[in-house]
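Here are the chains, one letter per residue:
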2 protein chains.
Amino acid sequence: MKTAPEPARADEPRWLTDQEQRVWRSYIEATTLLEDHLDRQLQRDAGMPHIYYGLLVKLAESPHRRLRMTELAKSAKITRSRLSHAVARLEKSGWVRREDCPSDKRGQFAVLTDEGHEVLRRHAPGHVDAVRQAVFDRLTPEQQESLGEIMRIIAEGLEPSEAGADLPWLR
Amino acid sequence: MKTAPEPARADEPRWLTDQEQRVWRSYIEATTLLEDHLDRQLQRDAGMPHIYYGLLVKLAESPHRRLRMTELAKSAKITRSRLSHAVARLEKSGWVRREDCPSDKRGQFAVLTDEGHEVLRRHAPGHVDAVRQAVFDRLTPEQQESLGEIMRIIAEGLEPSEAGADLPWLR
DNA sequence: CAGACTTGCTTGAACTATCAACTTCTGCCG
DNA sequence: CGGCAGAAGTTGATAGTTCAAGCAAGTCTG
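An unreviewed UniProt entry annotates chain A as MarR family winged helix-turn-helix transcriptional regulator originating from Streptomyces fimbriatus.

Trainee: Which parts of the structure should I look at to understand the protein's contact with DNA strand C?
Mentor: Every one of the 23 residues lining DNA strand C counts as a neighbour, but Arg82 of chain A together with Thr70, Ser84, Arg98 and Arg106 of chain B are closest to it. For DNA strand C, the backbone portion of the atoms within 4 Å of the protein, that is sugar and phosphate, comes to 68%. Contact distances for DNA strand C include 2.6 Å between a base nitrogen and a side-chain N or O atom of Ser81 of chain A. Within the contact set of DNA strand C, a phosphate oxygen lies 3.2 Å away from a side-chain nitrogen or oxygen of Arg89 of chain A.

Trainee: When you look at the interface of chain A and chain B in this model, what are you seeing that I'm missing?
Mentor: Where the parts come together, the accessible area they lose is often given as the size of the interface. Between chain A and chain B, the residue contacts involve 67 residues of the former and 65 residues of the latter. Buried surface at the junction of chain A and chain B, summed over both partners, amounts to about 6300 Å²; 65% is from carbon and sulfur atoms. When the buried area of chain A at its contact with chain B is split by residue, Trp24, Leu33 and Leu158 of chain A rank highest and sum to 10% of it. Inspection of the chain A/chain B interface yields four salt bridges. Our count for the contact surface shared by chain A and chain B stands at nine residue pairs in polar contact (both at pLDDT 80 or more). Broken down by secondary-structure element, the contributors of at least two residues to the side of chain A that touches chain B are α1 (18-46), α2 (50-61), α3 (69-76), α5 (114-134) and α6 (141-158) of chain A. Broken down by class, the residue content of the side of chain A that touches chain B amounts to 29 nonpolar, 16 polar and 22 charged.

Criteria and cut-off values
Residue positions are counted from 1 within each chain, in the order its sequence is given. Whichever chain is written first becomes A and whichever ligand is written first becomes 1, with later ones labelled in order. The predicted origin of the model limits local features to residues at a pLDDT of at least 70 and limits the giving and counting of side-chain atom pairs to 80 or more, whereas totals for whole chains, interfaces and linings rest on all residues. Side-chain descriptors were evaluated using all non-hydrogen atoms of the structure, hydrogens and water having been removed beforehand. Near is defined per residue: the residue qualifies when any heavy atom it owns lies within 4 Å of the molecule or strand. For this analysis, a polar contact is any N or O atom pair within 3.5 Å, provided that within protein one partner can donate a hydrogen and the other can accept it, and provided that sequence-adjacent residues contribute only side-chain to side-chain pairs. The contact rule is simple, with two residues in contact once any of their heavy atoms fall within 4.5 Å. Computed with a 1.4 Å rolling probe, the buried area is the accessible surface lost when two parts are put together, summed over both parts. Just to be clear on terms, a salt bridge is a Lys or Arg side-chain nitrogen sitting within 4 Å of an Asp or Glu carboxyl oxygen. Only DSSP runs of H or I reaching four residues or more are called helices, and only runs of E reaching two or more are called strands; each is numbered from the N terminus. When residue character is reported, Ala, Val, Leu, Ile, Met, Phe, Trp, Tyr, Cys and Pro are called nonpolar, Asp, Glu, Lys and Arg charged, and the others, Gly included, polar.

Have a look at this one:
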């Protein structure tokens with residue numbers, strides 16, 4: 001199974017140091033455990049995975065509780081395809097409905113239904129509790145701030161817009 | 001915020017402050033983007049998702065390149081069921097094989113094959129690069145250390161062993 | 001040593017994610 | 001206008017995840 005003899009990589013790669021490896025392993029472990037934990041909590045209590053819950057929250061925060069599909073996808077950092085499937089499922093559950101966009105016939109709005117809003121209202125406390133217990137209650141204020149900054153940096157580096165991010169003269 | 005008849009929850013929940021919300025949103029965005037990014041990179045280059053790659057790494061680091069299924073699952077922070085499916089797939093790809101455990105007839109070893117080791121060798125540099133670019137190259141040494149500590153704390157709080165962690169008299 | 005319980009691991013069904021088409025519509029350029 | 005590139009969103013096939021249930025082998029208890 002020869003795929004390629006390492007093209008575009010002349011010299012020895014910069015392996016992670018022991019310290020970096022420890023950090024990275026901790027990152028993987030924490031994120032794996034936390035995602036799993038929140039998914040399980042929300043699946044059990046609210047009947048949907050964490051990311052679907054996040055979609056409902058985004059809609060609830062939006063004017064008229066609605067958002068164009070593409071906007072919602074961008075905001076949740078997922079592909080349009082994934083969102084399409086997700087909204088289909090949320091529609092089946094009665095928590096979201098689609099509406100045509102009058103100004104662009106290709107467009108669709110995802111709209112939070114009253115039922116969807118109610119589900120959110122009912123399960124938000126439990127979810128906040130879970131997040132608190134797993135994260136905020138265990139960190140000092142300094143660590144919380146640091147976490148925010150670090151995550152902001154990582155996210156920025158991965159934004160799809162990154163392509164042009166090194167062309168500051170275009171901004 | 002009137003949340004009215006909240007059953008099984010006497011007092012008003014402790015909502016996240018604005019600051020906490022910002023941190024939390026950054027966390028979700030960064031982890032979503034990063035997981036996606038690494039999955040895509042490894043799927044494209046090595047033909048497997050990130051977590052599968054992690055399993056091969058664990059095996060490679062283990063004595064005789066083998067680990068009991070349960071050990072591997074614990075170490076990767078996933079369920080045995082998920083591991084079972086994963087190993088089945090890795091077996092099909094020829095990167096892992098199963099072996100019976102002589103001392104416990106219920107037991108199975110997952111063993112990294114030579115092909116598996118080769119795949120790892122070939123694609124490790126690209127993966128390390130991706131991790132560096134997304135994370136370590138963007139953080140100061142202090143931030144790296146802070147990230148490690150924070151993630152360690154979160155992971156510890158979510159270890160399955162947590163159940164008995166507040167019953168020290170049992171230890 | 002029988003029975004009950006636990007551990008180790010697997011299985012199948014239902015669900016979710018990904019990837020590559022595909023449809024429809026918009027904006028643009030001549 | 002006519003044509004065409006690109007955007008918005010969906011779809012279906014394939015792959016991965018979850019959950020509950022299951023089997024078989026080990027362990028404990030009386």
